[in-house]
Amino acid sequence: MAGKPAAPRPPATPDLKTAADLAPVLPMTADVRDGHLFIGGVDTVKLAAEAGTALYVMDEAHIRNQLSEYVKWTRYHWKDVDVIYAGKAFLSVQMARIVADEGCSLLCASGGELAYALRADFPMERVQVHGNNKTDYELHECLEAGVGRIVVDSLYEMERLAAMAQEAGVEQSILIRITPGIEADTHDFIQTGQEDSKFGFGMAEGLAMRAIKRALELPGIDLAGLHMHIGSQIFALKSFSSAIEVIVHFMEDIRQETGYVVRELDTGGGLGIAYGLPDEPSTIKDYGKVIVDGIKEHVEEHGLPVPKIMVEPGRSIVANAGVTLYTVGSIKQIPNIRTYVAVDGGMSDNIRTSLYDAHYEALIANKADRPREMVVTVAGKHCESGDMVVRDAPLQVPESGDILCVCATGAYCQSMSSNYNKQVRPGVVFVKDGDWRWSVKRETYDDLMRNDVE
Ligand SMILES: Cc1ncc(COP(=O)(O)O)c(C=O)c1O
């Protein structure tokens, strides 16, 4: 069973790999025909000419496959599991409809994400709302929409929610977010389960227990269970196992102190994905076993009933389903130092490289069958020296006008995009069975200035 820490990145060399070797990081329908990269049966070079670049391309078959794998391999071990797609990874109205269609639920982390769920007619009882600082306005929106669960992050929020629910004459089901004190094996910025976190209730000094007791006595709210999320891009499944052990122990403490038996346990998201060729993330099948069997094993030890189990994958649903297409512009060779290949996008459409020093694989879509004979740095077009898309990337010999494809950009790229330098955001297209369609149109200059007051 895979589950080791992410491999350190080897020094970049011209690795002579072609698109065929990049299958682990590309969408599942990717193939090469006449030297061109195809995704979902669509020629990405032709697509770039028709839809323009920069462009996010999402493989619908890959997304559906990931959602159904989660459903299959979690319910394989226990009948009552809810797979809740974390919309923060990538959300559009069409994406929300695919999630609903695959029988999954939706996690919204803001009023804006909830507005997408409403626009998509997403079944509200299958919506869960998160956030460490939900505004009054957002809490009202949740109650009005009738969302299934609100994940409560602080006593301040709990008190306000209870008062609002009573005023509205409803009882809102909640989960309480616990930080189990586990440091997941991932980047510091995407660790969330450790004691020193802005999220949720720590277990030290009885904070979490105090929150449980308050939830049990407050009218207007129904405590359905517990939630945790230890971080993102996690390779070592052991991190999940350790957190499960801690939280199930806490479920037993709750029963002993209050008599309350936790009905629902949400273990969050976080399964890592392959960004680079050395990455060997765990499979959804192994993840399902570790989460569900882990919970079952520990609740049995304590004589507790198996709760409804919830998992919240984001990245592992969409990251490898997506690529970004750019057009190569200027190429700057600095002898004995580096070659910069500049593209028509950058930190505005992919902030992850600057933010987390994320690494990606790249290839030239119109030379997909040729070997990657060079090492280059793919630079963005923004006025920041740190505006890089891929540092030290093996690549086919580039020429201006080539279509450059950056792999595994389906998660946390479009959703974290900005208009820096008044750059219009790229559109998002879905590809499927040889056709493409817009899911999010490319912005225009009018879109940029829509709210500008003259
Ligand atoms: C509470 C919560 N659940 C789920 C997720 C999704 O995590 P991932 O995309 O790593 O699966 C996140 C992401 O940060 C999160 O904060």
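Residues numbered from 1 in each chain as written. Predicted model: local features only at pLDDT ≥ 70, side-chain atom pairs only at ≥ 80, totals over all residues.

So, the pairing of strand 14 (residues 322-334)
In terms of strand pairing, strand 4 (residues 55-59) meets strand 14 through four bridges, oriented antiparallel. Paired with Val57 across the two strands is Val323, which belongs to strand 14. Across five bridges, the pairing between strand 14 and strand 19 (residues 403-407) is antiparallel. Residue pairing across strands places Thr324 opposite Val406, the latter belonging to strand 19. Bridging between strand 14 and strand 15 (residues 338-343) involves five bridges; their strand directions are antiparallel. Looking at strand 15, one finds that Ile334 is bridged to Arg338. Linking strand 14 to strand 15, which pair antiparallel, is a turn of three residues; within it Asn336 sits at a positive phi near 65°. (Pairing = 2+ DSSP bridges. Helix = DSSP H or I, 4+ residues; strand = E, 2+ residues; numbered from the N terminus.)

Looking at the site of the ligand
As a matter of local geometry, the ligand sits amid 16 residues, with Ala86, Ser232, Gly269, Gly314 and Arg315 nearest to it. Residue composition of the shell around the ligand, grouped by class: five nonpolar, eight polar and three charged. (Near = placed C-beta within 6 Å. Nonpolar A, V, L, I, M, F, W, Y, C, P; charged D, E, K, R; others polar.)

With respect to the domain arrangement of the chain
A common way to state how big an interface is: give the accessible area lost once the parts meet. With domains assigned, the chain is organised as domain 1 (19-59 + 319-448) and domain 2 (61-318). Just the C-alpha atoms count here: the centres of domain 1 and domain 2 sit 32 Å apart. In this complex, domain 1 contributes 28 residues to the contact, which on the side of domain 2 involves 22 residues. Secondary structure elements with two or more residues in the side of domain 1 that touches domain 2: strand 4, strand 20 (427-432) and strand 21 (435-440). Residue contributions to the side of domain 1 that touches domain 2 peak at three residues, all from strand 20. Split by residue class, the side of domain 1 that touches domain 2 holds 16 nonpolar, nine polar and three charged. (Domains from an automatic or database assignment. Contact = placed C-beta atoms within 7 Å.)

A look at helix 1 (residues 44-51)
If you check which residues of helix 1 are buried, you get Thr44, Val45, Leu47 and Ala48. Seen from one end, helix 1 has its buried residues packed into an arc of 160°, which puts them on one side. Away from its buried face by more than 90 degrees, helix 1 exposes Ala49 and Glu50. Where helix 1 is buried, its residues contact strand 2 (36-39), strand 3 (42-43), strand 4, strand 14, strand 19 and strand 21. At the exit of helix 1 stands Gly52, carrying a positive phi of roughly 85°. (Buried ≥ 20, exposed ≤ 12 C-beta atoms within 10 Å, placed from the backbone. Arc of directions from axis to C-beta.)

Quick look at the packing of helix 4 (residues 111-119) against helix 5 (residues 136-145)
Between helix 4 and helix 5, the least distance of the axes is 10 Å, while the angle of their chain directions is 20°. With respect to each other, helix 4 and helix 5 are oriented roughly parallel. Considering how the two elements wind past one another, helix 4 and helix 5 form a crossing that is left-handed. In this structure, helix 4 uses Gly111, Leu114 and Leu118 to contact helix 5, whose residues at the interface are Tyr137, Glu138, Glu141, Cys142 and Ala145. (Axes fitted to C-alpha atoms, helices over the stretch in contact; angles between N-to-C directions. Parallel < 35°, antiparallel > 145°, perpendicular 65-115°, else oblique. Left-handed = near helix turned anticlockwise from the far one by under 90°.)

Quick look at unusual backbone geometry
Excluding glycine, residues mostly carry a negative phi; peptide bonds, for their part, are mostly trans. Backbone torsion omega between Thr53 and Ala54 reads -5°, so that peptide bond is classified as cis. Position of Ala54 among the secondary structure elements: in the loop between helix 1 and strand 4. Phi angles above zero are rare outside glycine, and Glu205 is one such case at about 60°. Topologically, Glu205 is positioned in the loop between strand 10 (201-202) and helix 7 (207-217). If you check the backbone angles, Asn336 has positive phi at about 65° while not being a glycine. Relative to the helices and strands, Asn336 is located in the loop between strand 14 and strand 15. The exposed category is assigned to Asn336, around which 5 C-beta atoms lie within 10 Å.

So, the nonpolar core
Counting residues in each nonpolar core, the largest one holds 135 residues, and the members touching the most others are Ile176, Ala362, Val378 and Cys405. Residues lining this core come from more than one domain, with at least three contributed by each of domain 1 (19-59 + 319-448) and domain 2 (61-318). In this structure Val378 touches Val341, Val343, Ala362, Met388, Val389, Val390, Ala393 and Leu404, once residues within four positions along its chain are discounted. (Core = buried A, V, L, I, M, F, W, Y, C linked by C-beta atoms within 7 Å.)

With respect to the sheet that holds strand 1 (residues 31-33)
Backbone-to-backbone hydrogen bonds pair the strands of a sheet. The strands run either parallel or antiparallel. Spatial strand order, 1-2-3: three strands in an open sheet with antiparallel pairing. At either end of the open sheet lies a strand with only one pairing partner, and these are strand 1 and strand 3.

Some remarks on helix 4
Listed as buried for helix 4 are Glu113, Leu114 and Ala117. Along the axis of helix 4, the buried positions cluster into a sector of 100°, meaning they face one direction only. Residues of helix 4 that are exposed and point more than 90 degrees away from the buried face comprise Gly112 and Arg119. Lining the buried residues of helix 4 we find helix 3 (93-101), strand 6 (105-108), strand 7 (127-129) and helix 5. Positive phi shows up at Asp121, right after helix 4, with a value of about 55°.

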